[in-house]
Amino acid sequence: MGSKYNTPHDQFVIAYLAHPDKADTIISHALPLAQMLRKGLILLYVEDPRYGGLSTSEAEPLLSAHAKRLREQHADTNFCALRGDTKEIITALPMMLYGVVVVAEADTHAPRRTPTHPKQVLRNFAESKIAYLTVQQPRLPEQHFANVALTIDYRRESKEKLIWASYFARFNNSQLHILSQTYRDEGLHNMWRDNIRFMEKIFSSLGITSFSRHQYTSKGPFAEPHAAEYAAEQGYELLISTTTDIRDRDNLELIIGTAEQRVVRNPGRLPILFLNPRDDLFVLCD
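Residues numbered from 1 in each chain as written. Predicted model: local features only at pLDDT ≥ 70, side-chain atom pairs only at ≥ 80, totals over all residues. Heavy atoms only, no water.

A. Layout of the overall build of the chain. Scanning the chain from N- to C-terminus turns up nine helices and ten strands. A separation of at least 24 residues holds for 79% of the contacts in the chain among residues at least 6 apart in sequence. (Helix = DSSP H or I, 4+ residues; strand = E, 2+ residues; numbered from the N terminus. Contact = heavy atoms within 4.5 Å.)

Structure (structure tokens):
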């Protein structure tokens, strides 16, 4: 890791800069996230033969310049340039760099064989044990994650979003917006209601009162892309979403793709905080 500075934090927000010469979009989101969570910030570049690009020696001066500038706003800022398989390095970040969340760019206009193409982003983060925030455009100065949305449906994965939602509410005083559909099937409705009750219990135990509930309409086989569209229309600044558990994928998803493939490239360009369904997710030490 490149730095001449002490690192007082034991956990870090990782800004994954696939193109260190074009870092503003990622840094504009990663910096306030690190400040909000009171974590260190690491600027990461991976030299991957699969993608080509800069060598580690070429990337390091660019990373160093970014880190030097950012230390004026966040003292515990460091950088790291590694060589290897991008997916393997990203999967190892919790233990290798003590990462708790990664910020990555998902560029819908990027060539298919580049690391910022949405499909490549999902591929490289498919086994990530920590959350990852995909962004499409720079964060405006007046945006401070004030309004954060998440869906609560009938699936068990809904509960996994609540931990991260609580961080935004507790550390940033964010207003949480709980998005749900109407279920005509009694069984699905009962499972959804159980998740809502679980949410209310968790929020009550943490003293979280800044949340509201909303109904949205979904058309087609996937609900989450419509939730992202609704959240963008409402002016929310972030959607917390879970990816599809590989164990639960059906034949339709093998043909037309998964919901997250649509969510990550949502036309409203809304930042998406993804969680992979896992039994061993890394969480913040708070």
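There's more to say after this.
B. Just the packing of helix α1 (residues 24-37) against helix α2 (residues 56-70), in detail. Orientation of α1 relative to α2, taken along the N-to-C sense of each, is 35°, at an axis distance of 13 Å. Considering the relative orientation of α1 and α2, their crossing is right-handed. For the pair formed by α1 and α2, the contact residues are Asp24, Ile27 and Leu31 on the first element and His66, Arg69 and Leu70 on the second. Among the residues making up the contact of α1 with α2, the classes are represented as three nonpolar, one polar and two charged. (Axes fitted to C-alpha atoms, helices over the stretch in contact; angles between N-to-C directions. Left-handed = near helix turned anticlockwise from the far one by under 90°. Nonpolar A, V, L, I, M, F, W, Y, C, P; charged D, E, K, R; others polar.)

C. Representation of a positive patch on the surface in the model. A contiguous patch of positive charge on the surface is contributed by Arg50, Arg112, Arg113, Lys119 and Arg265. Looking at the element boundaries, arginine 265 is found in the loop between α9 (259-263) and β10 (272-275). A relative accessible area of 32% places arginine 265 in the partly exposed class. (Patch = residues over 30% accessible without salt bridge, like charges linked within 9 Å, V, L, I, M, F, W, Y side chains within 5 Å. Areas by Shrake-Rupley, 256 points an atom, 1.4 Å probe, with all protein chains shown as cover. Salt bridge = Lys/Arg side-chain N within 4 Å of Asp/Glu carboxyl O. Lys, Arg positive; Asp, Glu negative; His and termini not counted. Charge placed at Lys NZ, Arg CZ, Asp CG, Glu CD. Buried < 20%, exposed > 50% of the residue type's maximum accessible area, 1.4 Å probe, protein only.)

D. Spotlight on the pairing of strand β8 (residues 211-215). Across five bridges, strand β7 (residues 175-180) lies against β8 in parallel orientation. Its bridge partner lying in β8, isoleucine 178 is registered against arginine 213. A crossover links β7 with its parallel partner β8, the connecting element being helix α6 (residues 186-206), and its sense is right-handed. (Pairing = 2+ DSSP bridges. Right-handed = clockwise from strand over helix to strand, strands pointing away.)

E. Inspection of helix α5 (residues 161-172) at higher detail. Taking 1.5 Å of rise per residue, the twelve residues of α5 would be expected to cover 16 Å, and the 16 Å separating its terminal C-alpha atoms lies within 8% of that figure. Buried within α5 are the following residues: Lys161, Leu162, Trp164, Ala165, Ser166, Tyr167, Phe168 and Ala169. Looking one or two residues beyond α5, the residue adopting positive phi is asparagine 173, at roughly 55°. (Expected span 1.5 Å × (residues − 1).)

F. Layout of the nonpolar core. Among the nonpolar cores identified, the biggest contains 49 residues, and Leu33, Leu43, Trp164 and Phe168 are the most heavily contacted of them. Top contributing element to this core by residue count: α1, with eight residues. The contacts of leucine 33, once residues within four sequence positions are left out, are Val13, Val101, Val103, Leu133, Phe145 and Phe168. (Core = buried A, V, L, I, M, F, W, Y, C linked by side-chain atoms within 4.5 Å.)

G. Structural context of the pairing of strand β4 (residues 99-105). With seven of its seven residues buried, β4 lies for the most part within the structure. Bridge count between strand β1 (residues 12-16) and β4: four bridges; the pairing is parallel. Bridged to isoleucine 14 within β4 is valine 102. By the bridge criterion, five bridges tie β4 to strand β5 (residues 131-135) in an arrangement that is parallel. Across the sheet, residue valine 103 finds its bridge partner in β5, namely leucine 133. A crossover connection joins β4 to the parallel β5 through helix α4 (residues 118-124); in handedness this β-α-β unit is right-handed.

H. Main features of helix α3 (residues 86-96). Restricting attention to buried positions, one finds in α3 the residues Thr86, Ile89, Ile90, Leu93 and Pro94. One side of α3 holds all its buried residues, which, seen down the axis, span an arc of 155°. Turned more than 90 degrees away from the buried face of α3 sit Glu88 and Met95, all of them exposed. Looking at the buried positions of α3, the neighbouring elements they touch are β1, β2 (40-47), β3 (77-83), β4 and α4. Taking the backbone nitrogen of lysine 87 as reference, a side-chain oxygen 3.1 Å away marks aspartate 85 as the first, capping residue of α3. Following α3 by one or two positions, tyrosine 98 has its phi on the positive side, about 55°. (Arc of directions from axis to C-beta. Polar contact = N/O pair within 3.5 Å; in protein donor to acceptor, adjacent residues only side chain to side chain.)

I. Quick look at the sheet that holds β7. The mixed open sheet is built from ten strands, whose spatial order is β3-β2-β1-β4-β5-β10-β9-β6-β7-β8. Looking at the sheet topology across the chains shown, the edges are occupied by β3 and β8. Adjacent strand axes in the sheet meet at a mean angle of 25° when their direction is disregarded. Lying on the sheet, α2 is in contact with β2 and β3; it crosses β3 at an angle near 165°. Here α6 sits on the sheet in contact with β7 and β8, set at roughly 170° to β7.

The quantities given are spatial measurements derived from coordinates; they are silent on function.
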